[in-house]
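# Descriptive analysis of the structure
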Amino acid sequence: MVDDLYQETILDHTKHPRNCHAMADATRSAEGYNPLCGDKLKLFIKMDGDVVKDASFLGSGCAISTASASLMTESLKGKTRDEALKLLEKFHDLLTTDSPVSKDMGKLVVFCGVRDYPARVKCATLAWHTLKTALNGTPETVTTE
Ligand code: ZN
């Protein structure tokens, strides 16, 4: 039942990605590429001081990478840079360890099933790797390699 609900959420975000558009007044952006799957995305962030005011992305990739970028941009709004980086760590743990799912991850828990598919972990974390680059201000394309 829970798995069905999670899959439905992922499917919904794949079919109707949120915040999927360019942002003309972004203060930061970065591009990410996952050569294993061919997922590409460009992330746009608008910072207000230390707070993520807005986040959006453009990309072409598989279902998991699109849903992940969609849910990530939703989760980021209103977070400080440090909170965003902490969330990134938790998301990475969710996908790569057997640790119990953290309660404060909101909808991001829908990706916990991905930990059973190591090849898809890079699809799910691509947006987050790109986020790290955007927040750190290094203007190069990141790959998941
Ligand atoms: Zn992919």
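These remarks concern the structure in this document. These figures come from a predicted structure and were not determined experimentally.

### Some details on a negative patch on the surface
Taken together, the side chains of Asp3, Asp4, Glu8 and Asp116 make up a negatively charged region of the molecular surface. Residue placement: aspartate 4 occurs in helix H1 (residues 2-15).

### Re the packing of helix H2 (residues 63-76) against helix H4 (residues 118-136)
Relative to each other, H2 and H4 sit at 35°, their axes nearing to 8 Å. Viewed along their axes, H2 and H4 form a crossing whose handedness is right-handed. Contacts between H2 and H4 involve Ile64, Ser65, Ser68, Ala69, Met72 and Leu76 from the former and Arg120, Cys123, Ala124, Ala127, Trp128 and Leu131 from the latter. Here the contact of H2 with H4 is built from residues that sort into nine nonpolar, two polar and one charged.

### Description of the pattern of salt bridges
In this structure the tally under the stated criterion is seven salt bridges. Across the pair lysine 46 and aspartate 25 runs a salt bridge, and its minimum N-O distance is 3.0 Å. With a gap of 21 residues between them, lysine 46 in strand S2 (residues 39-48) and aspartate 25 in the loop between H1 and strand S1 (28-34) connect regions that are remote in the sequence. Lysine 46 sits in the partly exposed class, given a relative accessible area of 23%. For aspartate 25, a relative accessible area of 44% puts it in the partly exposed group. Across the pair lysine 107 and glutamate 74 runs a salt bridge, and its minimum N-O distance is 3.6 Å. With lysine 107 in the loop between helix H3 (81-96) and H4 and glutamate 74 in helix H2, this pair connects stretches of sequence that are 33 residues apart. Each of the salt bridges in this network shares a partner with another, and the network as a whole consists of Asp12, Arg18, Glu74 and Lys107.

Calculation rules
- Residues numbered from 1 in each chain as written.
- Predicted model: local features only at pLDDT ≥ 70, side-chain atom pairs only at ≥ 80, totals over all residues.
- Heavy atoms only, no water.
- Patch = residues over 30% accessible without salt bridge, like charges linked within 9 Å, V, L, I, M, F, W, Y side chains within 5 Å.
- Areas by Shrake-Rupley, 256 points an atom, 1.4 Å probe, with all protein chains shown as cover.
- Salt bridge = Lys/Arg side-chain N within 4 Å of Asp/Glu carboxyl O.
- Lys, Arg positive; Asp, Glu negative; His and termini not counted.
- Charge placed at Lys NZ, Arg CZ, Asp CG, Glu CD.
- Helix = DSSP H or I, 4+ residues; strand = E, 2+ residues; numbered from the N terminus.
- Axes fitted to C-alpha atoms, helices over the stretch in contact; angles between N-to-C directions.
- Left-handed = near helix turned anticlockwise from the far one by under 90°.
- Contact = heavy atoms within 4.5 Å.
- Nonpolar A, V, L, I, M, F, W, Y, C, P; charged D, E, K, R; others polar.
- Buried < 20%, exposed > 50% of the residue type's maximum accessible area, 1.4 Å probe, protein only.

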